[in-house]
Each structure stands twice: as structure tokens, then as C-alpha cells.
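Tertiary structure, described
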Amino acid sequence: MVNELNFTVISDTHYYSKKNYVDGFDKRKKQKSDQLFFSASEEIVNHTFKSLCENDTPDIILISGDLTYNGEKTSHEEMKTALKKLKQNGKKVFVITATHDYTSPDMPTYGIDKNGKNTQVESVSRDELLSYYGEFGYNDALAKHESSMSYVAKLQDGYRLFALNDDFGDPNCGFSDDLIEWIGKQAKTAKEEGQYIIAMTHHPLVAPSPIFTAVAKGDMLSDFELRTKQLSQFGFDFILTGHTHMHNISCCNVCGKKFYDISTAALTGFPPYYRCITLNKDEKKMDIKTVCVDNVSKIDTDNLSLEQYTKKLFLGVVKSTL
């Protein structure tokens, strides 16, 4: 019997509850391109999750952080409800959180008033996140690193997930030395028990483009070169990441061994992609399929595909910053 693992990878859902439109959401109101992005997040997330339940997709779903737009309490409440529907339909869901999931001084949490202006809304602190998402991996984990909310979980016989939370202190997102020591011990146990390691975190360890570290080094995992070397030495072949909203597979050579960073685009950004992966640990073979979210009936895209529509919004956001 071939022991293959099939799973879906999603990142950066950035769910934004319409309850954060403090005067009520009105589609007739003219919105900026960036507001249109997150005002459609509810429809995109629910449509995608519904498709995963109705179609022939893997039973295991991994989500690598930034579940909400900016940690709004209403967004977390609705995102948790959406994730519970996945579980009710037989999906095994494993998530980590990231810096957009809680309030910090550098990441304000706001709603939008009738004039399109930002106004404060109730938010969630980092310490509260497990009350929303503990049931999606952490509570039933084989091992836990409590201060970082990282965990190790069984996905299937022969396959072990290392869900590594890197948000120990925005903007210094990375792995503490204590977490690295814990990862090393857990990796040793996994190898002794014949388990293949699948790892996910939020920030990239290998740059998704040749110039990324020059223009956006702060968006990499802190000490990424050292941490990549350490994970490779622990026996990790790859890591699943998000954050950059770039859909990319990068590779580097570490001590004569290849290490891959598989970055998945933001589900509610451009392009609206996720991945379906088949992994065979015995043959050391991985098949990666990119899936584009198809048209969402509840979103008026002016007869454009969702990919074309989100591209138009993306270009609008870029133009507004020039």
C-alpha cells in the first residue's frame, strides 16, 4: 500500500467581518481598492471552504496564519465559525496565527464609518487566540510549545506536522532560541519514530524573489539564514509559508542539501490561489497543484473572473501608493 499524504494549503485569508462597517455595509457606497479587497473576504473564504467540502479535495487543510484582517473580534468570531463548518464536513483543520491576528501598537484594529474613515473596533489580544483556534490543531497536539503556541500533530500514519508560530514579537517575527531547541528535540523524536516532517510557519525563510531581501528583508523570518540551516540539519526538507502574498517555490542549498520554501498566495488577495499537495515520503516525491478560486456569485466583478477582478484591485492599490 502506497502511503501518500494529500492535503490542502491555504494562507492569509485576512477575513474581515462586515460588522466592522460601523454604520452598516452598503454595496452602493464607493470604496477604495484596498477596502474592496477586504470587503469581499467573507464571500471568498466561505465560497472556498464550501468548495472544499463539496468537491473531491483532501481531508487535511493547513492554514499558515493571518486568518483575519487586523485582529478584529467580529472577524475572529466569524472565521472560527467558518473553520468549524470545515470540521463538521469531515475536514481535519490545522492552523497557526500571525501578527495580523491580534492587536499591537504597530498594527491598529479598525472599522470603517459611513464616510469611509477608520474608527476603532473591539479587537483580540495574542493571549486570547487559543480560545478561538485551539481546537484546530493545538488542543489535540502530540507536543506543544506554549509560549509560541507552536505544536506538533499527527496528520496520518508516517507524517507529522510541525506548526511553528513565528509571531513572538512584531516586528521581530521569528523563532526564539528556546523554540529552536524544542523543534530540534521534536524532530529527533519524529525521526526515531519513522515520521516524515511537514512544517509550516508564516514568514518566509527563503526569499520568494532575487531582490526580496534587499527591498523587504523585514518581511523575512528573523535570522532566516541561521534558522534555515538549523531546520535543514534537523531533517526538514521544506517549509510551507505565507505572508508575502506571493505564490512561489524557492530553494536554497544548505550544507550540500536542498531546502524548499513553498509560499502560498493570499486567498483573499491577488492572485486568489491555494494549493493541493500530494506527498510520498518513501519516494521523496511531491506533486503540487495550484488552484484558483473560481467566480464567487455574491461578488460583483463587472463580468471579470475573480482572478482578473483581484488583479484590477491590486493594480488600483499600487497606483494609489505611487
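Above this text you will find the structure in question.
First things first, this report covers the structure right here in the doc. (Residues numbered from 1 in each chain as written. Predicted model: local features only at pLDDT ≥ 70, side-chain atom pairs only at ≥ 80, totals over all residues. Heavy atoms only, no water.)

Once that is clear, we can look at helix H5 (residues 177–192). Each full turn of the α-helix corresponds to 3.6 residues, which orients residues three or four apart in the same direction. In a regular helix each residue adds 1.5 Å, so 16 residues correspond to 22 Å; H5 covers 23 Å between its end C-alpha atoms and thus fits that length. All buried positions along H5 are accounted for by Leu 179, Ile 180, Trp 182, Ile 183, Gly 184, Gln 186, Ala 187 and Ala 190. Where H5 is buried, its residues meet strand E6 (143–145), strand E7 (150–156), strand E8 (159–163), strand E9 (196–200) and helix H7 (224–234). Gly 194, located one to two residues past H5, shows a positive phi value of around 75°. (Helix = DSSP H or I, 4+ residues; strand = E, 2+ residues; numbered from the N terminus. Expected span 1.5 Å × (residues − 1). Buried < 20%, exposed > 50% of the residue type's maximum accessible area, 1.4 Å probe, protein only. Contact = heavy atoms within 4.5 Å.)

The next thing to look at is the pairing of strand E3 (residues 92–96). With four of five residues buried, E3 is to be regarded as a mostly interior element. Of the pairings in the sheet, the one linking strand E2 (residues 60–64) to E3 comprises five bridges and is parallel in character. In the sheet register, Ile 63 faces E3, and the bridge partner there is Val 95. In terms of handedness, the path from E2 via helix H3 (residues 73–88) over to E3 forms a crossover that is right-handed. (Pairing = 2+ DSSP bridges. Right-handed = clockwise from strand over helix to strand, strands pointing away.)

Turning to the packing of H5 against H7, a few remarks are in order. Put simply, H5 and H7 touch, their axes get as near as 9 Å, and they point 20° apart. Between H5 and H7, the interaxial angle falls into the category roughly parallel. The way H5 lies across H7 gives a crossing that is right-handed. Taking contact as the criterion, the partners of Asp 177, Ile 180, Ile 183, Gly 184, Ala 187 and Lys 191 in H5 are, on H7, Arg 227, Gln 230, Leu 231 and Phe 234. (Axes fitted to C-alpha atoms, helices over the stretch in contact; angles between N-to-C directions. Parallel < 35°, antiparallel > 145°, perpendicular 65-115°, else oblique. Left-handed = near helix turned anticlockwise from the far one by under 90°.)

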